[in-house]
Amino acid sequence: MAESSAIIRVNGVSKAYRGLDVDRKESGIASWIKIATRLTSNRAQTIRALDNVSFQIAPGEIFGIYGANGAGKTTLIRILSGLLIPDEGSVIVDGQSGIDAIKDQISYISTNGWMGLEWQLTVRENLVLYGHIFGIPASDLAPRSDLVLETFDMAFARDKHISELSAGMRQKVTLMRGFLLDRPILYLDEPTVSLDVQSQAALRDVLVDAAQRQGKTVIVTSHSPAALSICGRILMLHTGRAVALGAADELARPLAGIAALHLTCAGHQTAVSSTELRDGLLDHSRVRDVQVAEANGRESTWHVDLLTDSAGGAVGELIDWFIAQEIAILGMRRSDLSLQEVYAHHVSAAQHVVAVEGQA
Amino acid sequence: MIQRLRREWASLVVFSKREFIIWSSYRMNAWMWFLDVLLNTTVVFMLSLMTRDSPLDFAPYGSNYVTFVVLGFCVHYISWTNLGDPFKRVARIYWGGTMDLFLLSPVSYLTPFMGIMFRSVIDDYPRVVLSLAFGGVFFGAAYSASQLPLAVLFLALILLSTLGIGLISASSFYLLNFKQNTEPVRFLLQDVIVALAAGYYYPITVLPRSLQVLGSFIPHTYALDALRRLVVPGGNLTTKVLPLQHLLPWTPITTDIVVLTAMTLIALPLGVWMYVRGIEKARRQGTLTRWQ
């Protein structure tokens, strides 16, 4: 992407947190002395949340940020919004930097801790309150509130108190609050955590519509592959480092010769343990990776997810291996590689590069 | 500028409405609140019966003990909100996870904080009026209105100076990372110095000299001194009693005005500056909200 056309430019952003853990059981003078001592000591742990991350986002793009817990997704999106100041590097949003310039361009939707919903107020009162605080004229507020209530299928709950809603409904209120603002850039931090499958799909439709029909730029962070299925490009983060960036098919390209196999086996009829099964499969020349999960019902079964060579004969060789081990295969299916499997590959490749650089 | 001020004011009004909805949703609160003020005033009346025929001297603060203490209550209620509440309100913003939203909104750093404080304003400021009313209607308190504008000035000064100290207390949440229920500024001032040396129930002259000197460092001492001289019938405007009044060449009321104004001019800008610095520090450290 041409740098000049980018609406968001992130250049070499790094962030470290200095650990200042607070023990909630302590209070009063003892805790004040302890905190003061920690503030002046050098013993506090430093956690590197982001390490030299750079990328650009084009206007109207749906951009995903994927990573495991603690990968740095929320830190990154908070830096993009101006809420968090990076230690190094810069963030330019629509040609400007700094929270005062950025905040009028963005709508930041975080579902962490329900982001301050007012439990004693109704859904509509929550929307009106934040609409007023964000400067939406009173004449626009009622129609906009009605629109977002309809969009998220929550009109029936408009006069319910937040305390009366389910977790998923509360999450929808935080989403509605973000969509109340008509801003060109939408940041969504883990937007699907408590949503059911239908609501997740509906949210994806809303986001696609916002990008394609309204020209909004959408940035979504998630550890859920489904939430990022609409993204044109995905940035993969691992322990604060960008391990890959590209469209889903580009990211999967290094794994072109790999197939995913999902087997269900009769665990209770075999002499080997699930750990022995996993180790045995990892030693097989056709197997790249394997996960074994036990389902302990009345008759225990194993779910075996394999990444294998997709060259001819691999499946046959694996079936022969299972027969030799006297493990009954109850079911088998092939699938495309999931985003998580692609992510695991890139993380592993990045760790290999770091290890080689370390040896050099 | 005018437009910005209007926006800040509109946001304050919205916050205030929210706090009123929340406050009034706890219906028992209103009854308990009413009873609490009535009981406090009744206790003072009982104490006044004990002191009525005793040779105790409240000079230069007149002779009506109920009025004397009711005025103490007024300053106490204002201080309880303005000095004691800001830290708790910032803690509520932090633990509720709303600081992110407030910072991304067009309003200033201080507006949400002031708006959320409105809960305590609803709760405590009317107690000032109720205390004066209960004292006057049921328990024989009498008020002199001859110096009303000056008395209002002192109420305004104690309101602003305690708010400044409250802001300093609140800023310690982010600036010094005191994330617990208490912090040293509020504890030292409200729970120690004010409790001991402000003289809500007794004239400061009955205290040992060391405590009188300690009381010189809090605005409450000067506000109470002036309000009692001005409002309690028989109050004397010329007799010096506070340590600083003896040191400075002015009349007691002038000294009170000068010292309270100086405290306000130091505490309020310092509190605002520290609060903004605290927020900026939290933005660098990533400690704006509990949820991140």
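What you see is a predicted model, and the numbers here were worked out from it, not measured in a lab.

Scanning chain B from terminus to terminus reveals 13 helices and zero strands. Walking chain B from its N terminus toward its C terminus, one meets helices and strands in the order α-α-α-α-α-α-α-α-α-α-α-α-α. Along the first, second and third principal axes, the C-alpha atoms of chain B reach 65 × 45 × 40 Å. For chain B, the share of sequence-separated contacts (at least 6 apart) that also reach a separation of at least 24 residues comes to 79%.

As a further point, take the overall build of chain A. The number of helices and strands found in chain A is eleven helices and 13 strands. For chain A, the spread of C-alpha atoms along the principal axes amounts to about 75 × 55 × 55 Å. Considering only residue pairs separated by 6 or more positions, chain A has 75% of its internal contacts joining residues 24 or more positions apart.

So, about the sheet that holds strand β10 (residues 258–266) of chain A. All names here are of chain A. Ordered in space as β11-β12-β10-β13, the four strands form an open sheet in which the pairing is antiparallel. The open sheet has two edge strands with one neighbour each: β11 (287–295) and β13 (329–335). Going across the sheet, the axis of each strand differs from the next one's by a mean of 15°, ignoring polarity. With nine bridges joining them, β10 and strand β12 (residues 301–309) adopt antiparallel strand pairing. Looking at the pairing, Leu261 lines up with Leu306 of β12. Contacts between helix α9 (residues 274–283) and the sheet are confined to β11 and β12, with β11 contributing the most and set at about 165° to the helix. Lying on the sheet, helix α10 (residues 314–324) is in contact with β10, β12 and β13; it crosses β12 at an angle near 145°.

A separate point is the nonpolar core. Counting 140 residues, the largest nonpolar core has Met176, Tyr187 and Ile219 of chain A together with Leu71, Ala223 and Leu227 of chain B as the members making the most contacts within it. Those residues in contact with Tyr187 of chain A that sit more than four places away from it in its chain are Ile77, Leu80, Ser81, Ile106, Tyr108, Ile109 and Ile219 of chain A. Within the second largest apolar cluster, twelve residues are counted, among which are Leu263, Val292, Val304 and Leu307 of chain A.

Further remarks concern helix α8 (residues 148–175) of chain B. Look at α8 of chain B: 40 Å from first C-alpha to last across 28 residues, which is about the 40 Å you get at 1.5 Å a residue. One or two positions beyond α8 of chain B, positive phi appears at Asn177 of chain B, with a value near 65°.

Looking now at the sheet that holds strand β3 (residues 62–67) of chain A. Residue and element names in this part refer to chain A. The six strands are arranged β5-β6-β7-β3-β8-β9 in an open sheet whose pairing can be described as mixed. Two strands bound the open sheet, and with one partner strand each, they are β5 (106–110) and β9 (241–246). Taking the axes of each pair of neighbouring strands and ignoring which way they run, one obtains an average angle of 15° across the sheet. Against the sheet, helix α6 (residues 167–180) contacts β5 and β6 (185–189), and its axis sits at roughly 175° relative to β5. Helix α7 (residues 197–212) contacts β3, β6 and β7 (217–222) of the sheet and is inclined by roughly 150° relative to β7.

Moving on: the domain arrangement of chain A. Residue and element names in this part refer to chain A. We note that the domain assignment places domain 1 (3–253) and domain 2 (255–340) within chain A. Each of domain 1 and domain 2 was reduced to a C-alpha centroid, and the two centroids are 38 Å apart. Listed per partner, the contact involves six residues of domain 1 and six residues of domain 2. Along the lines of polarity and charge, the residues of the side of domain 1 that touches domain 2 split into five nonpolar, no polar and one charged.

Another aspect to go through is the interface of chain A and chain B. The interface is formed by 34 residues belonging to chain A together with 34 residues belonging to chain B. Of the residues in the side of chain A that touches chain B, the class split is 17 nonpolar, 13 polar and four charged.

Glancing now at the confidence of the model for chain A. Mean pLDDT over chain A works out to 87, with 90% of the residues at or above the 70 mark. The lowest-confidence element of chain A is helix α1 (residues 29–40) of chain A, averaging 69 in pLDDT; the highest-confidence one is strand β8 (residues 233–238) of chain A, averaging 97.

Here we take up the environment of Leu147 of chain A. Structurally, Leu147 of chain A is set in helix α5 (residues 138–151). For the pair Leu147 of chain A and Met176 of chain A, spaced 29 residues apart in sequence, the C-alpha separation works out to 9.4 Å.

This paragraph deals with the packing of α8 of chain B against helix α13 (residues 252–285) of chain B. All names here are of chain B. Two numbers describe how α8 lies on α13: the axes approach to 7 Å, and their chain directions differ by 25°. Overall, the two elements α8 and α13 adopt an arrangement that is roughly parallel. Of the two elements, α8 crosses α13, and the hand of that crossing is left-handed. Residues that form the contact of α8 with α13 fall into these classes: 21 nonpolar, seven polar and two charged.

This next bit is on the confidence of the model for chain B. A residue-level look at chain B finds 98% of positions with pLDDT of 70 or above and a mean pLDDT of 89. For chain B, helix α2 (residues 27–51) of chain B is the element with the lowest average pLDDT, namely 83, and helix α11 (residues 219–231) of chain B is the one with the highest, namely 96.

What follows covers unusual backbone geometry. One non-glycine residue with positive phi stands out, namely Glu190 of chain A, at about 50°. Relative to the assigned elements, Glu190 of chain A resides in the loop between β6 and α7. The exposure class assigned to Glu190 of chain A is buried, which follows from the 20 C-beta atoms found within 10 Å. Located in the positive-phi region is Asn177 of chain B, a residue other than glycine, with phi close to 65°. On the neighbour-count criterion, Asn177 of chain B (20 C-beta atoms within 10 Å) is buried.

Glancing now at the environment of Thr205 of chain B. Following the sequence through the fold, Thr205 of chain B ends up in the loop between α9 (184–197) and α10 (209–215). Spatially, the C-alpha atoms of Thr205 of chain B and Leu242 of chain B are 7.8 Å apart, while their sequence positions differ by 37 residues.

This part is about α6 of chain A. Residues and elements named next belong to chain A. Here α6 contains 14 residues, and its C-alpha end-to-end distance of 20 Å stays within 8% of the 20 Å for a straight helix at 1.5 Å per residue. Along α6, the residues that are buried comprise Met169, Arg170, Gln171, Lys172, Val173, Thr174, Leu175, Met176, Arg177, Gly178, Phe179 and Leu180. For α6, the elements touching its buried residues are β5, α4 (123–133), α5, β6 and α7.

Residues and elements named next belong to chain B. Running from N to C, α8 and α9 point in directions that differ by 145°, and their axes come no closer than 8 Å. Counted together, Ile165, Ile168, Ser169 and Ser172 of α8 and Val185, Arg186 and Leu189 of α9 form the full contact between these two elements. Per-class residue counts for the contact of α8 with α9 are four nonpolar, two polar and one charged.

One ladder, built from eight bridges, connects β11 of chain A with β12 of chain A; its direction is antiparallel. Residue pairing across strands places Val287 of chain A opposite Thr308 of chain A, the latter belonging to β12 of chain A.

How each quantity is defined
Numbering of residues starts from 1 in every chain and runs along the sequence as written. For this description, chains carry letters from A and ligands carry numbers from 1, given in the order in which they are written. Given that the model is predicted, a residue must reach a pLDDT of at least 70 before its local features are reported, and side-chain atom pairs must reach 80 or more before they are shown or counted; all residues, however, enter totals for whole chains, interfaces and linings. A helix here means a DSSP run of H or I that spans at least four residues, while a strand means a run of E at least two residues long, and both kinds are numbered starting from the N terminus. Throughout, a pair of residues is in contact if the C-beta atoms placed from their backbones lie within 7 Å. In this description, strands pair whenever DSSP reports at least two bridges between them. Angles here are taken between N-to-C directions and fall from 0 to 180 degrees, while the axes themselves are lines fitted to C-alpha atoms, restricted in helices to the stretch in contact. Working definition: the nonpolar core is a set of buried Ala, Val, Leu, Ile, Met, Phe, Trp, Tyr and Cys residues, joined through C-beta atoms within 7 Å. Burial is judged by counting the other C-beta atoms within 10 Å of a residue's own C-beta: 20 or more makes it buried, 12 or fewer makes it exposed, and any count in between marks it as partly exposed, with every C-beta position built from the backbone. A helix's residues, less one, multiplied by 1.5 Å, set its expected span. Note: domain ranges come from an automatic or database domain assignment. When residues are sorted by character, Ala, Val, Leu, Ile, Met, Phe, Trp, Tyr, Cys and Pro go into the nonpolar class, Asp, Glu, Lys and Arg into the charged class, and all the rest, Gly among them, into the polar class. Per-residue confidence from the predictor is reported as pLDDT, which spans 0 to 100. To sort the angles, those under 35 degrees are grouped as roughly parallel, those over 145 as roughly antiparallel, those from 65 to 115 as roughly perpendicular, and the leftovers as oblique. It is the rotation of the near helix from the far one that decides the hand of a crossing: anticlockwise by less than a right angle makes it left-handed, clockwise makes it right-handed.

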